[in-house]
Structures are given as C-alpha cells and as structure tokens.
Amino acid sequence: MTDPTRTEPEGFEPFEAKAPVLTARDAGKTAKDGGAPSAEWERATLEKLVFASLREQKSTRRWKTFVRLSWLAFFVVLAWFAFSRATPSTTKSTDHTAVVEIKGEIAAGADASAEFVVAAMKTAFEDAGAKGIVLLINSPGGSPVQAGIINDEIKRLKAKHNKPVYAVVEETCASAAYYIAAAADQVFVDKASIVGSIGVLMDGFGFTGTMEKLGVERRLLTAGENKGFLDPFSPMNDAQRAHAQSMLEQIHAQFIAVIKAGRGDRLKTETPGLFSGLFWSGQQAIELGLADQLGNVDFVAREVIKADEVIDYTRRDNVAEKLAKRFGAAMGDASVRALRSVPTLR
C-alpha cells in the first residue's frame, strides 16, 4: 500500500503499469480464452510482417529492373547515334554551293582531321547539284601530315570532278590551314583576317635544371643512344638538336614548295620574310599574293559560283562521339600529346 502521508518531489510521477490496448477482436479472444492472447493473433502478426517484407522486396526488384532497362535504353540510343553520321544526303539535285568547314586544330581525331574533311569533300564533289565547293577556314594550323593529305585530296577531286574549290577565310588561316588553302583555285579573306605563318615548329619543355635543384633523378632506359632525346626530363646534346633542326627545315621546304605550286605567279616571292613564319592581315595577304580578294561565303556563292543556296557538308561528331571524348578519350590523348614533341605548322 502507498503511504498517504508520503510526499513526492515536485515533478515526480510514480510509475503505474498500464494495461495493453487490445482491439475488439483481440479482446473477444482474450475473454474467450480466459485472458491469454491466442496463438492465432501471433500468427496474424507474423503474416503481416512477412507480407510487408515481400512487398518491400518486390518494390526493390522493380526499381532495379527499371534502372537497368533505363541504362540499356541509354546505351542503345548512343549506339544508334554512333552509327549515324552527320553528313548530308547526296540526293540533292538543285544547284547549290557546297561548304566544308575547317575549324580549330588540324589534327588526327579533331573536327578538322583529314578523315572528316576528306569525307565531307568527297560527298560534296559527288553531288551533281554542287556547282562549287567552299572551304570555310578558321584555324591556327596543326599537323603537316593531316594538311598534306587534305591538300592532295583537293587537287585529286578537282581533277576528277572538274569542279572549282574556293577557300574563304574567317578570323585565321595560318600554317597548316594555309597549307590547305593553297590548293584552292582562289582564296577569299576579310580585310582583318590573319593569314600566313608559313613555318614549322617543334615545341616542348626541359626540366633537367629543376630536377637537379630538387634532387630528383630521372631513370630512363633506352635501346639506342638517341631514343629518348625528346624526353623533357633528359638533356639534349648539340648533335640531337642539329638533327631535329634539319628535319624541321626539310618539312619547311616541303611547305614552301606546296605554297609556290598552289599560288603560282600570284605569289610575291621576293617579299622579305614571306616564308619566315610571319603572318599578315587579310588586306596585306592580298597585296602579297597569299590571297586573291575580299569576300565571304555568301559573296562567293552568289557572285563567283552563281549558286545562292548554300549547303553545309561538314562532317561533325555526333552525340555519342562527343560523350566519349568528354569522358576520357580526348583527355587521355591530350595528356599524351602534351608530353610529346611533334612537328607542327602553326
């Protein structure tokens, strides 16, 4: 019994056991069984737990299936885009001017690679409705090999299809880009365009002095005494430097020969520094014979080719290819090229 005279501390509530709350069904069973919960009630509770667990598992399986199907659909779409090329149809029959863009660095795997440019040019030349081809150029240069392939193909396709080719320069047409433009019948520029830079370079870095100061030792094993002479962490001797310079001069001579053959008598070869790597404005390029006159794509289509309608034949990366480059392919290639020295026309 509780002492009626006992006082509890303020805020203290004595514990009192409370009777469990039962449903009407459970109360009936309890009364029927003399106050003890039935085995059937326990079974029903377990069934509820089991069914809830099964529903949760089904929901999880459905979600996993949905996610997998979504990824499958995503890759199917990518595969479809990968096999679809962004090139125009060759069924065009009305007269028009065909345009092929050469923009950015001229290099293997780039938008202005020989693979893409040549494929676009072939499609344009084979289209009966194309009355002339315009190479729309905006490039600082790049690989002499890629530019040489494009230059050779321009001359071959012109002779095969007997169609004119015109180069139209936007902001820049330098080095390897001008190597390509020299194969055109005429070169059109803006008065403020940058044209020229007829030269070759091979750039890189040397870290040998820095490594010595930091106490870092370079361990490079080669078979062949000159195999690693372009390694940025190894010194370059005079003989190796002379060899590289000789190779650059040979490529430069090839470049000059292509320019002279393409421009012919229009080129002012007596101009000092013409082949030194200097570049000029579009207006100066016309005076030096590097370009023919001022004009843009619409001007050439309307006044020169006489086909106002312009159709773009440029081969571009599709969605799948852009995603592939974005997620590693381009980054890996760029990292390798950053540490590798190759001749470049720019």
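Residues numbered from 1 in each chain as written. Predicted model: local features only at pLDDT ≥ 70, side-chain atom pairs only at ≥ 80, totals over all residues. Heavy atoms only, no water.

Enquirer: When you look at the overall build of the chain in this model, what are you seeing that I'm missing?
Expert: Counting its secondary structure elements, the chain contains 10 helices and 8 strands. The 346 residues of the chain split such that 34% are buried. Long-range pairs, those at least 24 residues apart, make up 74% of the contacts in the chain between residues at least 6 apart in sequence. As displayed, the chain has an accessible area near 21800 Å², and 58% of this comes from carbon and sulfur atoms. (Helix = DSSP H or I, 4+ residues; strand = E, 2+ residues; numbered from the N terminus. Buried < 20%, exposed > 50% of the residue type's maximum accessible area, 1.4 Å probe, protein only. Contact = heavy atoms within 4.5 Å. Areas by Shrake-Rupley, 256 points an atom, 1.4 Å probe, with all protein chains shown as cover.)

Enquirer: Please clarify how the nonpolar core should be interpreted in this entry.
Expert: Soluble globular proteins tend to bury their nonpolar side chains together. In terms of nonpolar packing, the biggest core is built from 51 residues, with Met-121, Leu-135 and Leu-290 touching the most fellow members. Non-local contacts of Leu-135, meaning those with residues more than four positions away in its chain, are made with Val-100, Ile-102, Met-121, Ile-154, Val-165, Tyr-166, Ala-167, Val-168 and Ile-180. Counting residues in hydrophobic clusters, the runner-up holds 10 residues, among them Val-134, Leu-136, Val-168 and Val-300. (Core = buried A, V, L, I, M, F, W, Y, C linked by side-chain atoms within 4.5 Å.)

Enquirer: Is there a simple way to think about helix H3 (residues 114–126) in this case?
Expert: Owing to its 3.6 residues per turn, the α-helix brings residues three or four apart onto one side. The end-to-end C-alpha distance of H3 is 18 Å, a good match for the 18 Å that 13 residues give at a rise of 1.5 Å each. All of the buried residues along H3 are Ala-114, Phe-116, Val-117, Val-118, Ala-120, Met-121, Thr-123, Ala-124 and Phe-125. At its buried positions, H3 is contacted by strand E1 (96–103), strand E2 (130–139), helix H4 (144–161) and strand E3 (165–174). (Expected span 1.5 Å × (residues − 1).)

Enquirer: How should I be thinking about a positive patch on the surface in this particular structure?
Expert: A cluster of basic residues, Arg-55, Lys-58, Arg-61 and Arg-62, forms a positive patch at the surface. Within the element layout of this structure, Arg-61 appears in helix H2 (residues 39–82). (Patch = residues over 30% accessible without salt bridge, like charges linked within 9 Å, V, L, I, M, F, W, Y side chains within 5 Å. Salt bridge = Lys/Arg side-chain N within 4 Å of Asp/Glu carboxyl O. Lys, Arg positive; Asp, Glu negative; His and termini not counted. Charge placed at Lys NZ, Arg CZ, Asp CG, Glu CD.)

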